[in-house]
Amino acid sequence: MADIAFRANAEDERIIRAALREGERPSDVLRRALRLLQRDMWHDRLRGGSRPAAEGLPEEH
């Protein structure tokens, strides 16, 4: 697998520190965030590939 370089700015570092759980490393936080992004993309596909708000439709809950 290829290495991916990520240079966090001050705001990124603040978010990562706030999201750290006991015993985690920053890379664990980023992995968790990627899994959440993957789930969000999966939900978008289930809705037909577009977000209702982007189409000017009310959000579905």
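The shown structure was predicted, so the numbers you read here are calculated from the model rather than taken from an experiment.

Draft legend 1. Summary view of the overall build of the protein. Each helix and strand counted, the protein has 2 helices and 0 strands in total. The proportion of buried residues among the 61 residues of the protein is 7%. Accessible surface, the protein: about 5800 Å² in total, of which carbon and sulfur atoms supply 55%.

Draft legend 2. Geometry of the pattern of salt bridges. As enumerated under the stated definition, the model contains 5 salt bridges in all. A salt bridge links Asp28 to Arg31; its shortest N-O distance comes to 3.4 Å. Pair noted here: Asp28 and Arg31 are both in helix α2 (residues 26-46), with a separation of 3 residues, about one helical turn.

Draft legend 3. Quick peek at α2. Between the first and last C-alpha of α2 there are 31 Å, a value that for 21 residues agrees with the 30 Å anticipated at 1.5 Å per step. Where α2 ends, the next residue or the one after it, Gly48, has phi of about 100 degrees, a positive value.

Draft legend 4. Seen up close, the environment of Arg17. Mapping Arg17 onto the fold places it in helix α1 (residues 10-19). By relative accessible area, Arg17 is classed as exposed at 53%.

Draft legend 5. View of the layout of surface pockets. Reported here for the largest pocket is a volume of approximately 410 Å³. Of the residues belonging to the lining of the largest pocket, the class tally is 9 nonpolar, 1 polar and 2 charged.

The rules behind each value
Residues numbered from 1 in each chain as written. Predicted model: local features only at pLDDT ≥ 70, side-chain atom pairs only at ≥ 80, totals over all residues. Heavy atoms only, no water. Helix = DSSP H or I, 4+ residues; strand = E, 2+ residues; numbered from the N terminus. Buried < 20%, exposed > 50% of the residue type's maximum accessible area, 1.4 Å probe, protein only. Areas by Shrake-Rupley, 256 points an atom, 1.4 Å probe, with all protein chains shown as cover. Salt bridge = Lys/Arg side-chain N within 4 Å of Asp/Glu carboxyl O. Expected span 1.5 Å × (residues − 1). 1 Å grid on protein atoms, 1.4 Å probe; cavity = no way out; pocket = protein on both sides within 12 Å on 5 of 7 lines; lining within 4 Å. Points joined across faces, edges and corners; volume = space filled by probe spheres on them. Nonpolar A, V, L, I, M, F, W, Y, C, P; charged D, E, K, R; others polar.

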